[in-house]
Amino acid sequence: MIIYQLKIKLLSDTTFGRGDGIAGLIDQEVEHDSCGFPYLRGRTLKGLLREECDNLIAVLQNDSPAYWENLACTLFGTPGSTLGTIAAMHVGDACLPDDLREAVAWQIQDKTLTKEDVLESLTTIRRQTAIDSQTGTAYQGSLRSFRVVIRQLEFKADLLFETQPSDKMLSILAVGVLALRRLGSGRNRGRGYVRCTLHNLHNNVGQEITQDYVSLFSKVRKAVT
């Protein structure tokens, strides 16, 4: 198994929404595990990366877009994939560092911490309402509350390949990673601003390779054109 890693640093408060809330407390809760650690599902992350790559391909009208579309389909798979068209890359959940989660799991087991303590230490609750532009007052019933993961935290997601991916596949992946700047619920309302980087875990070094493969993408574009 070949493993690369995607690192996501939160530059603003972010909501990894799970589609529900807590009655009487919060309208939108964040996705979190049994220990209270917030995380982003791998399926959601994969969809965001695919969206960024598709947006890029859409503007490559003079650069053989069919070539890049086939490459993206190889990397991400296609809807209704069969064994012959299954994705070359599996995306794991984006989580906080393993050593931190393991240490806290022991404390929860010893009952020195609770799941709620962990969740509250890594998140906070924000509230917003709609304002009537004529009167300057809030619309009745428009107050909403949502939990956010606090900024500056860094999440990691493993990118798994059965075989070594080609440099061309890694180049389009790196461009998609670099282009991913917003994620989570409310990403069009100021939340979820992130910086993403691609790393090679060969020999457990964790070397960042984003810019190297973005540069390679530019060279491949010229060659394909």
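This write-up is about the structure you can find in this document. Quick caveat, the model's predicted, so the values are computed rather than measured.

What follows deals with the pattern of salt bridges. Any two side chains of opposite charge can pair, so long as their charged atoms come close to each other. Under the defined criterion, the tally for this structure stands at six salt bridges. Note that Arg147 is salt-bridged to Glu29, the shortest N-O span being 2.5 Å. Of this pair, Arg147 sits in strand 4 (residues 144-149) while Glu29 is found in the loop between strand 1 (2-10) and helix 1 (42-58), placing the two residues 118 residues apart along the sequence. Residue Arg147 shares its accessibility class with Glu29, and that shared class is buried.

Next up on the list: helix 2 (residues 65-76). In this model, helix 2 (twelve residues) spans 16 Å end to end at C-alpha, consistent with the 16 Å of a helix rising 1.5 Å per residue. Positive phi shows up at Gly77, right after helix 2, with a value of about 85°.

A few words on the nonpolar core. By size, the foremost hydrophobic cluster in this structure holds 52 residues, and its most contacted members are Ile8, Leu45, Phe155, Leu159 and Leu173. Per element, the largest residue contribution to this core is seven residues, and it comes from helix 5 (residues 167-179). What Leu45 contacts, discounting residues up to four positions off in sequence, is Leu6, Ile8, Leu40, Val91, Gly92, Ala94, Ala157 and Leu180.

Moving on: the packing of helix 1 against helix 5. Contact geometry for helix 1 and helix 5: axes closest at 8 Å, N-to-C directions at 105°. Overall, the two elements helix 1 and helix 5 adopt an arrangement that is roughly perpendicular. Only Ile172, Leu173, Val175, Gly176, Val177 and Ala179 of helix 5 make contact with helix 1, whose side of the interface consists of Leu49, Glu52, Cys53, Leu56 and Ile57. Partitioning the contact of helix 1 with helix 5 into residue classes produces nine nonpolar, one polar and one charged.

Definitions and limits used
- Residues numbered from 1 in each chain as written.
- Predicted model: local features only at pLDDT ≥ 70, side-chain atom pairs only at ≥ 80, totals over all residues.
- Heavy atoms only, no water.
- Salt bridge = Lys/Arg side-chain N within 4 Å of Asp/Glu carboxyl O.
- Helix = DSSP H or I, 4+ residues; strand = E, 2+ residues; numbered from the N terminus.
- Buried < 20%, exposed > 50% of the residue type's maximum accessible area, 1.4 Å probe, protein only.
- Expected span 1.5 Å × (residues − 1).
- Core = buried A, V, L, I, M, F, W, Y, C linked by side-chain atoms within 4.5 Å.
- Contact = heavy atoms within 4.5 Å.
- Axes fitted to C-alpha atoms, helices over the stretch in contact; angles between N-to-C directions.
- Parallel < 35°, antiparallel > 145°, perpendicular 65-115°, else oblique.
- Nonpolar A, V, L, I, M, F, W, Y, C, P; charged D, E, K, R; others polar.

By themselves these figures say nothing about function.
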